[in-house]
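# An overview of the molecular structure
The chain contents come next:
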Amino acid sequence: MSKSPVRVAVTGAAGQIGYALLFRIASGEMLGKDQPVILQLLEIPDEKAQNALKGVIMELEDCAFPLLAGVEAHSDPMQAFKDTDYALLVGARPRGPGMERADLLAANAQIFTAQGKALNAVASRNVKVLVVGNPANTNAYIAMKSAPDLPAKNFTAMLRLDHNRAASQLAAKGGFKVGDIRKLTVWGNHSPTMYADYRFATVDGKSVKDAIGDAAWNKDVFLPTVGKRGAAIIAARGLSSAASAANAAIDHMRDWALGSNGEWVTMGVPSNGEYGIPKDIVFGFPVTTVGGEYTIVEGLPIDAFSQECIDKTLAELQGEQDGVKHLL
Ligand SMILES: NC(=O)c1ccc[n+]([C@@H]2O[C@H](COP(=O)([O-])OP(=O)(O)OC[C@H]3O[C@@H](n4cnc5c(N)ncnc54)[C@H](O)[C@@H]3O)[C@@H](O)[C@H]2O)c1
Ligand SMILES: O=C(O)C[C@H](O)C(=O)O
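A quick note: this is a predicted structure, and the numbers were derived from the prediction, not measured.

Right, let's get into the confidence of the model for the protein. In the predicted model, the protein carries a mean pLDDT of 96, and the fraction of residues at 70 or more is 100%. For this predicted complex, the interface confidence comes out at an ipTM of 0.99, alongside a pTM of 0.98.

This is the structure in structure tokens:
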């Protein structure tokens, strides 16, 4: 028997990530080749954005995707999030000229407070939320705090792009196949302070750290390369990463919904105190996923260097969180 359609809301749907994301969701790459979807797309109530969204919808129609059971265009989150099972919050306010970080946090706090409230009011009680729009961890925290009737665990932030970037750099350095790398993770904030950690990583059961055997490369090349990769792409393309960000969003949601088959993946999720991260901070952790639920991998040893890195990214997140406290 064929499955009933599920509802997938995407914000910022006429933006660059939206353009790289929607067609893959509609073709079944995110939720499976047997899962029909209804896309509920949100853009700002601006003529240009709404017209662009219409164009994207025309293209979705022209793909004649068998799994696409409906597409809706919205300018109000209360309609876009109605009964939604999945919400990918991509749209965010970009940093404008002369805008300070605090202004950016405040502008996004407004957006994610409103969207969190709308999810709280009208989404499925099991909605799985992924925040992509930057600052992703803090935006996810704001949305979660604005949705007190939904389980906090349903709000996640995207660290998967950092995870995939780290895997790719390791594969190039060690001569591994990227798909053979297991037990890699990225701790903390989606920002240059994130800590990509391959101490536990293996390829064919053998330690990646031992195979690379170069602590200076880790500190001086690997971590800065992964941390500054977003900026390097902006410098090269004149635009921020879009296809790779959309790909990471697909990976994150697919693994959350369909399971990671015992493998570690990185998700930004609200802490319950694991590894000393204060409760509710949305932090990148290693997780495994099964049956639509994620579980943080616990009990990993944290050495002095790792603790220093984790403390640094945590301090940044706490600073961001303090900066929006008065708005929640
Ligand atoms: N977490 C990550 O790994 C990661 C990676 C890359 C980009 N990003 C972030 O993703 C976001 C989107 O990037 P993009 O390249 O698609 O940007 P973009 O500017 O091309 O598109 C963003 C779209 O969001 C819309 N939008 C803005 N506010 C909205 C709101 N309140 N409701 C609905 N739509 C809204 C805009 O109209 C625009 O069409 C940015 O914040 C970017 O920094 C995150
Ligand atoms: O949009 C950005 O600032 C960069 C983006 O988050 C990325 O990691 O590519």
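Anyway, onward from the coordinates.
Once that is clear, we can look at the packing of helix α6 (residues 160–174) against helix α10 (residues 243–258). The interhelical angle for the contact between α6 and α10, taken along N-to-C directions, is 105°, at an axis separation of 8 Å. It follows that α6 is roughly perpendicular to α10 by the angle criterion. Of α10, the residues touching α6 (which contributes Arg160, Leu161 and Asn164) are Ser244, Ala245, Asn247, Ala248, Asp251, His252, Arg254 and Asp255. Counted by class, the contact of α6 with α10 contains three nonpolar, four polar and four charged residues.

Over its 21 residues, helix α11 (residues 304–324) extends 31 Å from the first C-alpha to the last, a length consistent with the 30 Å expected when each residue adds 1.5 Å. Looking at the buried positions of α11, the neighbouring elements they touch are α4 (101–122), α5 (136–145), β8 (185–187), β9 (195–197) and β13 (282–290).

The side chains of a regular strand alternate between both faces of the sheet. In terms of residue burial, strand β2 (residues 37–42) counts as a mostly covered element, since six of its six residues are buried. Side chains Val37, Leu39 and Leu41 project from β2 onto one buried face, and the interleaved Ile38, Gln40 and Leu42 project onto a second face that is buried too. What joins strand β1 (residues 6–11) to β2 is helix α1 (residues 16–26), and the crossover it makes is right-handed. Pairing analysis gives six bridges linking β2 to strand β3 (residues 68–74), with the strands arranged parallel. Paired with leucine 41 across the two strands is alanine 73, which belongs to β3. Running through helix α2 (residues 47–63), the crossover from β2 to the neighbouring parallel element β3 is right-handed.

How each quantity is defined
- Residues numbered from 1 in each chain as written.
- Chains lettered and ligands numbered in written order.
- Predicted model: local features only at pLDDT ≥ 70, side-chain atom pairs only at ≥ 80, totals over all residues.
- Heavy atoms only, no water.
- pLDDT = per-residue confidence, 0-100.
- Axes fitted to C-alpha atoms, helices over the stretch in contact; angles between N-to-C directions.
- Helix = DSSP H or I, 4+ residues; strand = E, 2+ residues; numbered from the N terminus.
- Parallel < 35°, antiparallel > 145°, perpendicular 65-115°, else oblique.
- Contact = heavy atoms within 4.5 Å.
- Nonpolar A, V, L, I, M, F, W, Y, C, P; charged D, E, K, R; others polar.
- Expected span 1.5 Å × (residues − 1).
- Buried < 20%, exposed > 50% of the residue type's maximum accessible area, 1.4 Å probe, protein only.
- Right-handed = clockwise from strand over helix to strand, strands pointing away.
- Pairing = 2+ DSSP bridges.

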